[in-house]
Amino acid sequence: MQALAGVYADMPAIDCRGLCSDSCFSMFATPAEQKFIAEQTGRTLPLLHAPPEPCPELTMLKRCGVWESRPFVCRLWGVTEAMACPYGCRPEDGFLSEAEAAGLMRRLAALDGGEARMRRAMFEGADGRVQAVVASSAKGGGVVGGD
């Protein structure tokens, strides 16, 4: 779980105001993330959740019920220009480049030993903005905070 925490630590923080709950549909959690979330919250997330139903962790107040433990794809929302928050929330230290986001994605995939499987699942359950980042990782975008 330390390696997963390292990937998350290399992502910029964003001050979410909870206005984008209408975007909480496509969600993918790797097995490592599922275990992390279960350990941190006692909740079990599905491997893949896609529209039309909203994320099962979206609360009645339209906030993330596992915010501190949320999966990578949810952390990616709002921190890349391709996935910028439509309500103006911005990362404190600026956006990740597409290459940086792709590098983080590859580090995450390596934790479960299934980069191609992870990219395929994220791509199938994602909207166009997530698909752009997933496609970039397949092309070998840059690595952020990697070994």
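Residues numbered from 1 in each chain as written. Predicted model: local features only at pLDDT ≥ 70, side-chain atom pairs only at ≥ 80, totals over all residues. Heavy atoms only, no water.

Student: What is the right way to look at unusual backbone geometry in this model?
Tutor: Most peptide bonds adopt trans geometry, and most residues besides glycine take a negative phi value. Phi is positive for Lys62, close to 65°, though the residue is something other than glycine. Positionally, Lys62 belongs in the loop between strand 2 (48-49) and helix 3 (72-76). (Helix = DSSP H or I, 4+ residues; strand = E, 2+ residues; numbered from the N terminus.)

Student: Looking at this model, I keep getting lost on the pattern of salt bridges. Mind explaining?
Tutor: Side-chain pairs of opposite charge can arise whenever the charged atoms involved come near each other. Counted by the stated rule, this structure contains two salt bridges. Arg107 serves as the salt-bridge partner of Asp10, at 2.7 Å between the closest nitrogen and oxygen. With Asp10 in the loop between helix 1 (2-9) and strand 1 (27-28) and Arg107 in helix 4 (residues 98-112), this pair connects stretches of sequence that are 97 residues apart. Given a relative accessible area of 18%, Arg107 falls into the buried group. In this structure, Glu57 and Arg43 form a salt bridge, with 2.9 Å as the shortest nitrogen-oxygen distance. Taken together, the residues Glu57 in the loop between strand 2 and helix 3 and Arg43 in the loop between helix 2 (31-41) and strand 2 connect sequence positions 14 residues apart. Arg43 gets classed as partly exposed once you look at its relative accessible area, which sits at 38%. (Salt bridge = Lys/Arg side-chain N within 4 Å of Asp/Glu carboxyl O. Buried < 20%, exposed > 50% of the residue type's maximum accessible area, 1.4 Å probe, protein only.)

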